[in-house]
Amino acid sequence: MAESLIIERVNHVVRLRLNRPTVLNALNFRLVRRLAKTLEELDQDDEVRVVIITGNKKSFAAGADIREMAEATTADLMAERYLSSWLRIRQFSKPLIAAVSGFALGGGCELALCCDLIVATETARFGQPEILLGIMPGAGGTQRLTRTLGKTKAMELILTGKSISAKEAFDYGLVNRVVSIDELETASLALAEEIAAKPPLAVRLAKQSILKAFDLSLEEALHFEQNNFALLFSTEDQREGMKAFIEKRKPHFKGK
Ligand code: CAA
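Within every chain, residues take consecutive numbers counted from 1 along the sequence as written. A pLDDT threshold of at least 70 governs which residues receive local features in this predicted model, and a stricter bar of 80 or more applies before side-chain atom pairs are shown or counted, although totals over entire chains, interfaces and linings include all residues. Calculated side-chain values reflect all of the structure's heavy atoms, with hydrogen atoms and water omitted.

Undergrad: Would you take a moment to explain the overall build of the chain for this structure?
TA: When helices and strands are tallied, the chain shows 12 helices and 10 strands. Computation of the radius of gyration draws on C-alpha atoms alone. For the globule rule, the value is 2.2 Å times the number of residues to the power 0.38. Relative to a compact globule of 256 residues, whose C-alpha radius of gyration would be 18 Å, the chain shows 19 Å and is just as compact. Expressed along its principal axes, the backbone C-alpha trace of the chain runs to roughly 60 × 40 × 35 Å. Across the chain, every contact between residues at least 6 apart in sequence was considered, and the portion connecting residues at least 24 apart equals 67%. Each accessible area value is a Shrake-Rupley result obtained with a 1.4 Å probe; residue values ignore everything except the protein chains displayed when judging cover. Accessible area for the chain stands at about 13900 Å²; split by element, carbon and sulfur atoms hold 58% of it. Per the convention used, a helix needs a DSSP run of H or I reaching at least four residues, while a strand needs a run of E reaching at least two, with both numbered from the N terminus. Contact definition: two residues touch when any of their heavy atoms are within 4.5 Å.

Here it is, written out as structure tokens:
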């Protein structure tokens, strides 16, 4: 049986390729668990600085696996192992880039929204069609789409189940870059490598600080930011970055 998740490494960047092409990369429980476990391992690997999640040309991921979900009970979906996989994906501390071509629907759209940056092809379509199946988004869609697009657009997408094009997603601020299908790999890798060349500890603390904008009050989040800012002054990379500026040379960051 082919691997449902293919792992490729390019220097400090890892690309995770969803690989269930016959079902448009539908996310069955096993694949979501595998993705969560892999991200947990990559989080512990100091050589890995940025992770790209991608699919194939036709589909990033067309949502949860409906055939599997059709048989699921409330108890299955409330089970710790289902919820904890999505939680573990959300907790990944390094930058995550979604490289999206084709369908990013339901759980697929939610997976892209779990990522910190999205590079999409002109053919990408984003949406939460769960309402058409008699359910609603269950992996963060009602919260992340609302925080990204605002209440008005999120209501429309989630209540009608209609999807939007990459251009619309870009105009709404959901997507960072729109490229042709042929450019997706190089464009997402270039963005990943650009970030991977930055000081890794500063990148991680900056990511965490940005995400706190959604969880804390402004006052609490500003304290969180200030503490992280101060913490970075105990790193070698801070000394190297500032020394290199003064010496008019390129810094060499080590993640220490
Ligand atoms: N689950 C299981 N199988 C899926 C699937 C899914 N989410 N999406 C597509 N497939 C399967 C199809 O059943 C089909 O299999 P067969 O060849 O065996 O019939 C194969 O993939 C190709 O799909 P289509 O023939 O339908 O391809 P298409 O190009 O005509 O249409 C599509 C593409 C519009 C994406 C359509 O497949 C579709 O609507 N898929 C379902 C999308 C959806 O509703 N996603 C939400 C799932 S619920 C969820 O995600 C809950 C959550 O929040 C976690």
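Undergrad: Is there a simple way to think about helix 5 (residues 107-114) in this case?
TA: Given 3.6 residues to a turn, an α-helix orients residues that are three or four positions apart in the same direction. Burial classification: accessible surface area is computed with a 1.4 Å probe over protein chains only, and a residue below 20% of its type maximum counts as buried, one above 50% as exposed, and the rest as partly exposed. Within helix 5, eight of the eight residues are buried, which leaves it mostly tucked inside the rest of the structure. If you check which residues of helix 5 are buried, you get Gly107, Gly108, Cys109, Glu110, Leu111, Ala112, Leu113 and Cys114.

Undergrad: What's the story with the pattern of salt bridges in this structure? I'm lost.
TA: Pairing is possible between side chains of opposite charge, provided their charged atoms come close. In the sections that follow, a salt bridge refers to a side-chain nitrogen of Lys or Arg positioned within 4 Å of a carboxyl oxygen of Asp or Glu. On inspection of all chains with the given rule, the structure shows 15 salt bridges. Close ionic contact of Glu247 with Lys243 constitutes a salt bridge, the shortest N to O distance being 3.4 Å. According to the relative accessible area criterion, Lys243 is partly exposed, its value standing at 46%. Residue classification places Glu247 among the partly exposed residues on the basis of a relative accessible area of 42%.

Undergrad: Sorry if this is basic, but what is going on with the nonpolar core here?
TA: In a soluble, globular protein the nonpolar side chains are often hidden away together inside. Ranked by size, the top nonpolar core spans 46 residues in total, and within it Val100 and Phe126 carry the most contacts. In terms of residue count, the dominant contributor to this core is helix 1 (residues 29-44) (seven residues). In this structure, Ile97, Leu184, Leu189 and Ala196 belong to the second largest nonpolar core, which totals 16 residues. Side-chain atoms within 4.5 Å link the members of a nonpolar core, which is a set of buried Ala, Val, Leu, Ile, Met, Phe, Trp, Tyr and Cys residues.

Undergrad: Whenever I open this one, the site of the ligand confuses me. Can you help?
TA: Whether a residue is near a molecule or strand depends on its heavy atoms: it is near if one of them lies within 4 Å of it. Looking at the ligand, there are 22 residues lining it, with Ala64, Ile66, Gly107, Glu110 and Glu130 nearest. Polar contact criterion, stated in full: a pair of N or O atoms within 3.5 Å, where within protein one must be able to donate a hydrogen and the other to accept it, and residues adjacent in sequence count only if both atoms are side-chain atoms. Taking Thr22, its main chain carries an N or O atom lying 3.4 Å from an oxygen atom of the ligand. Between the ligand and the protein, one listed contact pairs an oxygen atom with a backbone N or O atom of Gly107 at 2.8 Å. Compared with its free state, where it exposes 990 Å², the ligand has 65% of that area covered by protein.

Undergrad: Would you mind going over a nonpolar patch on the surface with me for this structure?
TA: Excluding any residue in a salt bridge, patches collect residues exceeding 30% relative accessible area, merging like charges within 9 Å and nonpolar Val, Leu, Ile, Met, Phe, Trp and Tyr side chains within 5 Å. Where nonpolar side chains cluster on the molecular surface, the patch consists of Ile131, Leu132, Met155 and Leu159 and spans about 390 Å² of accessible area. When you line up the elements, Met155 lands in helix 7 (residues 151-160).

Undergrad: Any chance you could explain the sheet that holds strand 8 (residues 125-127) here in plain terms?
TA: Sheet strands associate in pairs through backbone hydrogen bonding, adopting either a parallel or an antiparallel arrangement. Spatially, 4-6-8-9 is the arrangement adopted by the four strands of the open sheet, whose pairing is mixed. On the outer flanks of this sheet lie strand 4 (59-61) and strand 9 (163-165), each paired with one strand and no other. Along the sheet, successive strands turn relative to each other by an average axial angle of 20°, direction set aside. Two strands are counted as paired when DSSP detects at least two bridges linking them. Across three bridges, strand 6 (residues 103-105) lies against strand 8 in parallel orientation. Each residue of the ladder has a partner; that of Phe103, found in strand 8, is Arg125. Against the sheet, helix 5 engages strand 4, strand 6 and strand 8, with an angle of about 90° to strand 6. Every angle, taken between N-to-C directions, lies between 0 and 180 degrees, and every axis is a line fitted to C-alpha atoms, over only the stretch in contact when it is a helix.

Undergrad: Is there a simple way to explain the pairing of strand 2 (residues 13-18) in this structure?
TA: Most of strand 2 sits out of view: six of its six residues are buried. Residues Val13, Arg15 and Arg17 point to one face of strand 2 and Val14, Leu16 and Leu18 to the other, with burial holding for every one of them. Counting the residues between successive antiparallel strands, the hairpin from strand 1 (residues 5-10) to strand 2 contains two residues, one of them, Asn11, with a positive phi of roughly 55°. A crossover gets the label right-handed when its path from the first strand over the helix to the second runs clockwise, viewed with the strands pointing away from the viewer. Remark: the strand 2/helix 1/strand 3 (residues 50-54) crossover connection has right-handed handedness.

Undergrad: Quick question: what am I supposed to make of the environment of Glu68 here?
TA: As for its position among the elements, Glu68 is in helix 2 (residues 66-69). Through-space distance from the C-alpha of Glu68 to that of Asn28 is 6.8 Å; in sequence the pair is 40 residues apart. Ignoring any residue separated from it by four or fewer positions in sequence, one finds Glu68 in contact with Asn28 and Phe29.

Undergrad: Just checking my understanding: could you explain the packing of aromatic side chains for this structure?
TA: Each aromatic ring pair is characterised by the separation of its centres together with the angle its planes make. Side-chain rings of Phe, Tyr and Trp, where Trp is taken by its six-membered ring, are said to pair if the distance between their centres is within 6.5 Å; with planes under 30 degrees apart they count as stacked, over 60 as edge-to-face, and otherwise as tilted. Counting across every chain of the model gives one aromatic pair. Centre to centre, the rings of Phe229 and Phe233 are 5.2 Å apart; their planes meet at 70°, and the pair counts as edge-to-face. Residue placement shows Lys212 over the ring face of Phe224; its charged tip is 5.2 Å from the ring centre. In our convention, an over-ring charge means Lys NZ or Arg CZ found within 6 Å of a ring centre and within 35 degrees of that ring's normal.

Undergrad: Would you mind showing me how to read the side chain of Ser4 here?
TA: Tracing the backbone through its elements, the reader meets Ser4 in the segment before strand 1. Relative accessible area serves as the criterion here: at 11%, Ser4 is assigned to the buried category. When neighbours within four sequence positions are excluded, Ser4 is seen to be in contact with Arg17, Leu18, Asn19, Arg20, Arg30 and Leu31.

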